[in-house]
Amino acid sequence: MSINISKYDPQNIFAKILRKEIPCKAIYENDFVLAFHDIAPQAPVHALVIPKNPYTCYSDFAERAAPEELVAFSKAIAHVAKELGLEDNGYRIISNTGRDSGQEVPHFHFHIMGGKQLGFMG
């Protein structure tokens, strides 16, 4: 699947989750952010953190998001990691952008992964 990171698709799965057309197992939510468990976890703990507004990737988010959205998103990642018990042993946060990275959903998001040694990424 090729993702055009310059164009937001309002029919992507995260947009449908935000509209409550598809259920999710929510972890945290505020006015700007939704965090939920990944349905196909790649680690014992695997959560997704997404902004509620339509951004395709990190660059889009960094350029267009309001300051309060930027702060809320950053704080949500830390809150979710703590809530999931990942602070003591550590965790990985990942955001993929575009085809070469393997981005599958054209809605900006971070993965929070932990619960085991995840190995080196170089």
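Summary of the structure given here. (Residues numbered from 1 in each chain as written. Predicted model: local features only at pLDDT ≥ 70, side-chain atom pairs only at ≥ 80, totals over all residues. Heavy atoms only, no water.)

### As for the layout of surface pockets
Here is step 1 of the chain: In this structure, the largest pocket spans a volume of roughly 510 Å³.
Here is step 2 of the chain: Lining the largest pocket are 23 residues, with Phe14, Asp38, Leu48, Glu104 and His111 positioned closest to its centre.
Here is step 3 of the chain: Only α1 (13-18), β2 (33-37), β3 (45-51) and β5 (110-114) provide two or more residues apiece to the lining of the largest pocket.
Here is step 4 of the chain: Looking at the lining of the largest pocket residue by residue, the classes come out as 13 nonpolar, seven polar and three charged. (1 Å grid on protein atoms, 1.4 Å probe; cavity = no way out; pocket = protein on both sides within 12 Å on 5 of 7 lines; lining within 4 Å. Points joined across faces, edges and corners; volume = space filled by probe spheres on them. Helix = DSSP H or I, 4+ residues; strand = E, 2+ residues; numbered from the N terminus. Nonpolar A, V, L, I, M, F, W, Y, C, P; charged D, E, K, R; others polar.)

### Regarding the pattern of salt bridges
Here is step 1 of the chain: Applying the stated criterion across every chain, the model contains four salt bridges.
Here is step 2 of the chain: Where Arg64 meets Asp60, a salt bridge forms, and the shortest distance between an N and an O atom there is 2.5 Å. Of this pair, Arg64 and Asp60 both sit in helix α2 (residues 58-64), four residues apart, roughly one helical turn.
Here is step 3 of the chain: For Arg64, a relative accessible area of 48% translates into the label partly exposed.
Here is step 4 of the chain: Overall, the relative accessible area of 14% leaves Asp60 in the buried class. (Salt bridge = Lys/Arg side-chain N within 4 Å of Asp/Glu carboxyl O. Buried < 20%, exposed > 50% of the residue type's maximum accessible area, 1.4 Å probe, protein only.)

### Points about the nonpolar core
Here is step 1 of the chain: With 19 residues, the main nonpolar core has Val49, Phe73 and Ile112 as its most contacted residues.
Here is step 2 of the chain: Counting residues per element, the ones that place at least two in this core are β2, β3, α3 (67-83) and β5.
Here is step 3 of the chain: Sequence-distant contacts of Phe73, defined by excluding residues within four places in its chain, comprise Val33, Val49, Ile50, Pro51, Phe61, Phe108 and Phe110.
Here is step 4 of the chain: Of all hydrophobic cores here, the second largest spans seven residues; its members include Phe14, Ile17, Leu48 and Val105. (Core = buried A, V, L, I, M, F, W, Y, C linked by side-chain atoms within 4.5 Å. Contact = heavy atoms within 4.5 Å.)

### Details of the environment of Pro44
Here is step 1 of the chain: Structurally, the position occupied by Pro44 is in the loop between β2 and β3.
Here is step 2 of the chain: On a C-alpha basis, the gap between Pro44 and Gly114 in space is 6.4 Å, while along the polypeptide they are 70 residues apart.
Here is step 3 of the chain: Each residue touching Pro44, except ones within four places of it in the same chain, is listed here: Gly114, Gly115 and Lys116.

### Here's the deal with the packing of aromatic side chains
Here is step 1 of the chain: Inspection of every chain in the model, using the stated rule, returns eight aromatic pairs.
Here is step 2 of the chain: For the pair Phe73 and Phe110, a centre-to-centre distance of 5.7 Å together with 40° between the ring planes defines the contact as tilted. Of this pair, Phe73 sits in helix α3 while Phe110 sits in strand β5, placing them 37 residues apart in sequence.
Here is step 3 of the chain: With a centroid separation of 5.7 Å and an interplanar angle of 75°, the aromatic rings of Phe108 and Phe110 are classed as edge-to-face.
Here is step 4 of the chain: On the basis of relative accessible area, Phe108 is assigned to the buried category, the value being 1%.
Here is step 5 of the chain: Taken together, the ring pairs connect Tyr55, Tyr58, Phe61, Phe73, Phe108 and Phe110 into an aromatic cluster. (Phe/Tyr/Trp six-rings, centres within 6.5 Å; stacked < 30°, edge-to-face > 60°.)

### Thoughts on the sheet that holds β2
Here is step 1 of the chain: Taken in spatial order, the five strands make up an open sheet running β1-β2-β3-β5-β4, and their pairing is antiparallel. Each of the sheet's edge strands pairs with one partner strand only, and the pair in question is β1 (26-29) and β4 (91-94). Across this sheet, the average inter-strand angle for adjacent strands is 20°, counted without regard to direction.
Here is step 2 of the chain: Where α3 meets the sheet, it contacts β1, β2, β3, β4 and β5, and its direction lies at approximately 160° from that of β3. (Pairing = 2+ DSSP bridges. Axes fitted to C-alpha atoms, helices over the stretch in contact; angles between N-to-C directions.)

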